[in-house]
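Chain by chain, the residues run as shown.
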Amino acid sequence: MDFCLSPKHAARQNEFREFADREIQPAGHTFPRENLRKMAGRGYMGLPIPREWGGQGEDFLTYILLIEEISRVCASTGVILAVHTSVGTFPLLYYGSREQKERYLAGLARGELLGAFALSEAGAGSDAAALRTSARRVEEGYRLNGAKVFITSGSEADLYTVFATLDQSLGSRGICAFLVEKDTPGLTIAPPEKKMGLHGSATTELQFADLIVGPDRLLGEEGKGFAIAMSLLDGGRIGIAAQALGLARASLEATTAHLNSRLAQGDQVSQWGRFTLADLHTRLEAARLLTYRAALLKEKGQPCSREAAMAKCFAADLAVEAATRCIDLWRPEEYAGEHPLYRYFCDAKVTQIYEGTNQIQRLVISRAILKTFHK
Ligand code: CAA
């Protein structure tokens, strides 16, 4: 057993850290196109996609290290990258026909196209199989009607993987995945939502009104859409765990540097403060081990639903905990003004919510422990 990063992974981690520190700007309230452009220039928008399809052919762990480093500086850019890759580009790689791959995959991997994932609905968030967006077979292919909510990069993406049901009475087995281009007639994109955090990431509702897609835009087989969504989310959740790791580190690094500068000025750090730091750093290492292990399992093609859920749940809880407990290590008078931990807390909170709430992660973990899918 080797719990250390290989020299190659450690070198890439350093490269990503330097890149993020030098090139990535916190997004503020603006969609971070410039950050994405710089990442595309380095091949980072398609890091784990094979070279033959325009990517860099790196392994999944390397991609996870990238998300962590980017998110440490800008968690909005981190989630845009994670969604674009894990659930925006992998659908094509894993389930796309040759023709679909040729049409979209290299563009996504090079960052010329941005991908998005449209699963959640107003009445079907945690219970994703209850989705109501309908797909009717018509002469030209399929006609989609319905609406999706909280779609990351909804207003900015070029290609959406959209989940719709042929027959709601079939439950999860009626669901299909479709590739929908942004300019398809019948697609309306609502203005971005106002959110508590991740202000640079555009989260929007998508409405489908008699939107026609050809049969060549069906991804995988009819009725397999739910399993496709779930398998993609296994990888996606490892990406969100990495985003949460980046955020937890941001809180801890800002606070540790602050306490060190206090010490350098001859000031004291209480024993309670030191213990808080020790606890959080220990939990950070545990979160990293969970996340990197899930990434290694995924890379090997082994089942990783349980491990991905554990990593996402633990790392997301830690990101929130780190921001909230670290604030207690600053002085009351330092609470004034725009505190760095404020952004980290607001950004961290959603990692407990999206790509399956942490309650859903606990459901996935407990089902795996009990080895049953019974509800
Ligand atoms: N891989 C492959 N197939 C899977 C699977 C997986 N990980 N998990 C389940 N399936 C298959 C099952 O084998 C089953 O197949 P059969 O019908 O052939 O037996 C089928 O899917 C149904 O499985 P379940 O009975 O387990 O399904 P369920 O209705 O009980 O739901 C759930 C399970 C875990 C609660 C699921 O609904 C879920 O994950 N909900 C959360 C949804 C979610 O994560 N949404 C995120 C939105 S995207 C997002 O947030 C992106 C962003 O913006 C950041």
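Residues numbered from 1 in each chain as written. Predicted model: local features only at pLDDT ≥ 70, side-chain atom pairs only at ≥ 80, totals over all residues. Heavy atoms only, no water.

A. Representation of the environment of isoleucine 70 in the model. Secondary-structure assignment places isoleucine 70 in helix H3 (residues 60–73). A relative accessible area of 0% means that isoleucine 70 is categorised as buried. Not counting residues up to four positions away in its chain, the partners in contact with isoleucine 70 are Phe19, Ala20, Ile24, Met39, Thr77, Gly78 and Leu81. (Helix = DSSP H or I, 4+ residues; strand = E, 2+ residues; numbered from the N terminus. Buried < 20%, exposed > 50% of the residue type's maximum accessible area, 1.4 Å probe, protein only. Contact = heavy atoms within 4.5 Å.)

B. Expanded view of the domain arrangement of the chain. By the assigned domains, the chain splits into domain 1 (7–109), domain 2 (115–229) and domain 3 (233–370). Summarising the inter-unit geometry, the C-alpha centres of domain 2 and domain 3 are found 31 Å apart. Domain 2 puts seven residues into the contact, and the matching count from domain 3 is ten residues. Summing the contributions of domain 2 and of domain 3, the shared interface buries around 670 Å²; its carbon and sulfur component is 68%. For domain 2, the biggest contributors to the area lost against domain 3 are Ser126, Met196 and Leu198; these three give 69% of the whole. Put simply, domain 2 and domain 3 have two residue pairs in polar contact (both at pLDDT 80 or more) between them. The residue makeup of the side of domain 2 that touches domain 3, split by class, is five nonpolar, two polar and no charged. (Domains from an automatic or database assignment. Buried area = accessible area lost by both parts, 1.4 Å probe. Polar contact = N/O pair within 3.5 Å; in protein donor to acceptor, adjacent residues only side chain to side chain. Nonpolar A, V, L, I, M, F, W, Y, C, P; charged D, E, K, R; others polar.)

C. Molecular detail of the site of the ligand. Taken together, the neighbourhood of the ligand is formed by 27 residues, with Ser126, Thr152, Arg173, Arg237 and Glu355 sitting nearest. Side-chain polar atom of threonine 152 to an oxygen atom of the ligand: 2.5 Å apart, as the coordinates give it. The contact in question runs from a nitrogen atom of the ligand to an N or O atom on the side chain of serine 305, over 3.3 Å. Within the residue set of the shell around the ligand, elements represented by two or more residues are helix H7 (225–264) and helix H11 (358–370). Sort the elements by how many residues they give to the shell around the ligand and H7 lands first, with seven residues. (Near = heavy atom within 4 Å.)

D. Just the pattern of salt bridges, in detail. Tallied over the full model, the rule gives 32 salt bridges. With its nearest N and O atoms 3.4 Å apart, the salt bridge here joins arginine 217 to glutamate 181. Highlighted residues: arginine 217 in the loop between strand E7 (203–213) and strand E8 (218–219) and glutamate 181 in strand E5 (residues 175–181), separated in sequence by 36 residues. Note that glutamate 334 and arginine 262 form a salt bridge whose closest N and O atoms lie 3.7 Å from each other. Placement of glutamate 334 in the loop between helix H9 (305–327) and helix H10 (340–349) and of arginine 262 in helix H7 is noted, with a sequence separation of 72 residues between them. With respect to class, glutamate 334 is no different from arginine 262; both count as buried. Put simply, Arg17, Asp21, Glu68, Glu69, Arg72, Arg249, Glu253, Glu285 and Arg288 are held in one network by salt bridges that share partners. (Salt bridge = Lys/Arg side-chain N within 4 Å of Asp/Glu carboxyl O.)

E. Up close: the environment of glycine 200. Here glycine 200 is to be found in the loop between strand E6 (187–189) and E7. The exposure class assigned to glycine 200 is buried, which follows from its relative accessible area of 2%. Not counting residues within four places of it along the chain, the set of residues in contact with glycine 200 comprises Ala27, Gly28, Thr30, Phe31, Pro32, Ser76 and Ile80.

F. Region of interest: H11. Here H11 is 13 residues long and its end C-alpha atoms lie 18 Å apart, about the 18 Å a rise of 1.5 Å per residue gives. Residues Asn358, Ile360, Gln361 and Ile365 constitute the buried set of H11. Buried residues along H11 cover an arc of 160° about the axis, so they all sit on one side. Opposite its buried face, H11 presents the exposed residues Gln359 and Leu370, each directed more than 90 degrees away. (Expected span 1.5 Å × (residues − 1). Arc of directions from axis to C-beta.)

G. Structural view of a nonpolar patch on the surface. On the surface, Met1, Phe3 and Leu289 cluster together to form a nonpolar patch covering roughly 440 Å² of accessible area. One can find leucine 289 in helix H8 (residues 271–300). (Patch = residues over 30% accessible without salt bridge, like charges linked within 9 Å, V, L, I, M, F, W, Y side chains within 5 Å. Areas by Shrake-Rupley, 256 points an atom, 1.4 Å probe, with all protein chains shown as cover.)

H. How the structure looks around the side chain of glutamine 13. By secondary structure assignment, the location of glutamine 13 is in helix H1 (residues 7–23). For glutamine 13, the residues in contact, after removing those within four places along its chain, are Leu5, Leu65, Glu69, Arg288 and Tyr292.

I. Structural detail: the pairing of strand E1 (residues 115–118). Burial along E1 is two-sided: Gly115 and Phe117 facing one way and Ala116 and Ala118 facing the other are all buried. Pairing analysis gives four bridges linking E1 to strand E4 (residues 159–165), with the strands arranged parallel. Each residue of the ladder has a partner; that of alanine 118, found in E4, is valine 162. (Pairing = 2+ DSSP bridges.)

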